[in-house]
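# Inside the fold
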Amino acid sequence: MVCDLCNAQVTAAGGTPVPALVMRGAVLRGFNPFTTPGFDSNAAALRALGVSVEPAASEWRERALKDASDWLLCQNCHHAFTARFGSVPGSAL
Ligand SMILES: [Zn+2]
């Protein structure tokens, strides 16, 4: 398995599922792994290649808002995610 945000390898015990509802709520509040600090591994790789991050970021946002399946996050991403957006489903909307 890999982390849905940074593609890091995740073991069954090391990954944390995040409900689609929670992720969507965070996206609506501005979360984007390409632009949110702490999730910029993808963005850093693009910038290193001289590629603009904006198209990838907006593409990711559209996909994330349509995605109805739960997300699997590695420890790093989950820690950074909950630090900003919490993990209680009810708080997502
Ligand atoms: Zn990750």
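This section reports on the structure supplied with the text. (Residues numbered from 1 in each chain as written. Predicted model: local features only at pLDDT ≥ 70, side-chain atom pairs only at ≥ 80, totals over all residues. Heavy atoms only, no water.)

Taken together, Cys3 (SG), Cys6 (SG), Cys74 (SG) and Cys77 (SG) make up the full set of protein donors to the zinc ion, lying 2.3 Å away. The coordination sphere of the zinc ion comprises 4 donor atoms, whose angles at the metal cover 107 to 113°; the geometry is tetrahedral. (Donors = N, O, S within 2.8 Å, 3.2 Å for Na, K, Ca; no water. Tetrahedral: all angles 85-135°; square planar, octahedral: opposite > 155°, others 65-115°.)

Glancing now at the nonpolar core. Ranked by size, the top nonpolar core spans 24 residues in total, and within it Leu5, Met23, Phe31, Trp60, Trp71, Leu73 and Phe81 carry the most contacts. Elements with a contribution of two residues or more to this core: helix H1 (20-28), helix H3 (54-66), strand E2 (71-73) and helix H4 (75-85). In this structure, Trp60 is in contact with Leu5, Met23, Val27, Phe31, Asn32, Pro33, Phe34 and Trp71, ignoring residues within four places of it in sequence. (Core = buried A, V, L, I, M, F, W, Y, C linked by side-chain atoms within 4.5 Å. Buried < 20%, exposed > 50% of the residue type's maximum accessible area, 1.4 Å probe, protein only. Helix = DSSP H or I, 4+ residues; strand = E, 2+ residues; numbered from the N terminus. Contact = heavy atoms within 4.5 Å.)

A few words on H1. Three or more residues of H1 are buried, namely Ala20, Val22, Met23, Gly25, Ala26 and Val27. Structurally, H1 contributes buried residues whose contacts are with strand E1 (16-18), H3, E2 and H4.

With that out of the way, let us pick up the side chain of Asn32. Tracing the chain through its elements places Asn32 in the loop between H1 and helix H2 (41-48). For Asn32, a relative accessible area of 5% gives the class buried.

Attention now moves to the packing of aromatic side chains. Each aromatic ring pair is characterised by the separation of its centres together with the angle its planes make. Counting across every chain of the model gives 6 aromatic pairs. Ring geometry for Trp60 and Trp71: centres 5.7 Å apart, planes at 55°, overall tilted. Taken as a pair, Trp60 in helix H3 and Trp71 in strand E2 lie far apart in primary sequence, 11 residues in all. Taking 5.5 Å as the distance between ring centres and 40° as the angle between the ring planes, the aromatic pair formed by Phe81 and Phe85 counts as tilted. Here the residue Phe81 and the residue Phe85 both occupy positions in helix H4, the gap between them amounting to 4 residues, near one helical turn. Neither residue differs from the other here; Phe81 and Phe85 are each classed as buried. Taken together, Phe31, Phe39, Trp60, Trp71, Phe81 and Phe85 form an aromatic cluster joined through their ring pairs. (Phe/Tyr/Trp six-rings, centres within 6.5 Å; stacked < 30°, edge-to-face > 60°.)

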